[in-house]
Amino acid sequence: MKAKSLHFSKHGTVQPIAAEIGRVHQCVCDQIPPAYPCEGEKVVFIGVDMTNKVPGPVENFCRDLNPTRAKNVAFYLINGKPEALDGLKKDLEGRGVHMVDDVLVVEVKSSFFKKGSVTDADIKKALDWAQNVVDNKLQ
């Protein structure tokens, strides 16, 4: 299956999950914006560290997607709210790119003095989610 695992984070919290999805699904793992554009991808997994708003680089990247570049997009968020993706979903689907409804949210706790990080359990949860997307959610 042709896929990509992309991520965007100011703090690096998404990268461990993106790397594992890339390893397990034998696909390129890169940050957004990627070094090479998507071409003919069955699914693009996008991990974003966000709160209430989609970061500009992610929005800009998604604006360039069309069915010849990516047929499906699946998002997972670190500390994000899935409803923040509603406008992006409408835009993607208006251009013929299916956005998977099942958005994974991983809660990462941090303190005032220490940046939070994903756990092995978070990575396993994300891998199970990604496999479920591949098995059941793609068009």
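Everything in this summary refers to the structure shown in the same document.

1. Quick look at the overall build of the chain
Scanning the chain from terminus to terminus reveals four helices and six strands. Against the 2.2 N^0.38 benchmark of 14 Å for 139 residues, the chain shows a C-alpha radius of gyration of 14 Å, consistent with a compact globule. In the chain, which comprises 139 residues, the share counted as buried stands at 45%. For the chain, the share of sequence-separated contacts (at least 6 apart) that also reach a separation of at least 24 residues comes to 79%. Within the structure as shown, the chain displays about 7,400 Å² of accessible surface, and the carbon and sulfur contribution to it stands at 50%. With 19 positive and 18 negative side-chain charges, the chain shows a separation of 2 Å between the mean positions of the two kinds.

2. So, the packing of helix 1 (residues 15-24) against helix 4 (residues 120-137)
For the pair helix 1 and helix 4, the least separation of the axes is 10 Å and the interaxial angle reads 45°. Judged by the inter-axis angle, helix 1 sits oblique to helix 4. Judged by the sense of rotation from one axis to the other, the crossing of helix 1 with helix 4 is right-handed. In this structure, helix 1 contributes P16, I17, E20, I21 and V24 to the contact, and helix 4 contributes I123, A126, L127, W129 and A130. Class assignment for the residues of the contact of helix 1 with helix 4 results in nine nonpolar, no polar and one charged.

3. Here's the deal with the pattern of salt bridges
Summed over all chains, the structure comprises seven salt bridges. For R23, the salt bridge is made with E20, and the minimal N-O distance between the two is 2.8 Å. Here the residue R23 and the residue E20 both occupy positions in helix 1, the gap between them amounting to three residues, near one helical turn. Among the residues examined, R23 registers a relative accessible area of 54% and is labelled exposed.

4. Remarks on the side chain of H25
Along the chain, H25 falls in the loop between helix 1 and strand 2 (28-31). For H25, a relative accessible area of 12% translates into the label buried. Apart from the residues lying within four places of it in its own chain, the contact partners of H25 are M1, A130, Q131 and V134.

What counts and how
Here the residue numbers are simple positions, counted from 1 along each chain's written sequence. It should be noted that, the model being predicted, local features are given only for residues of pLDDT at least 70 and side-chain atom pairs only at 80 or more, the latter also being counted only at that level, while totals for whole chains, interfaces and linings use all residues. Computation of side-chain values: all heavy atoms of the structure, hydrogens and water removed. Secondary structure elements follow DSSP: runs of H or I of four or more residues count as helices, runs of E of two or more count as strands, with numbering from the N terminus. For the radius of gyration, the atom set is restricted to C-alpha positions; the globular benchmark scales as 2.2 Å times the number of residues to the power 0.38. Throughout, exposure labels follow a simple rule: accessible area from a 1.4 Å probe, protein chains only, divided by the maximum for the residue type, with under 20% read as buried, over 50% as exposed, and the rest as partly exposed. We call two residues in contact whenever any of their non-hydrogen atoms come within 4.5 Å of each other. Only the protein chains shown count as covering a residue, and every accessible area follows the Shrake-Rupley method with a 1.4 Å probe. We score Asp and Glu as negative and Lys and Arg as positive, and we do not count His or the chain ends. Charge coordinates come from a single atom per side chain, which is NZ of Lys, CZ of Arg, CG of Asp or CD of Glu. To get an axis, fit a line to the C-alpha atoms, keeping to the stretch in contact for a helix; angles then go from 0 to 180 degrees between the N-to-C directions. Roughly parallel covers angles under 35 degrees, roughly antiparallel covers those over 145, roughly perpendicular covers 65 to 115, and oblique covers all other angles. Here is the rule for handedness: rotate from the far helix to the near one, and if that takes an anticlockwise turn smaller than a right angle the crossing is left-handed, while a clockwise turn gives right-handed. Only Asp, Glu, Lys and Arg are considered charged in this grouping, and only Ala, Val, Leu, Ile, Met, Phe, Trp, Tyr, Cys and Pro are considered nonpolar; every other residue, Gly among them, is considered polar. A pairing counts as a salt bridge when a side-chain nitrogen of Lys or Arg comes within 4 Å of a carboxyl oxygen of Asp or Glu.

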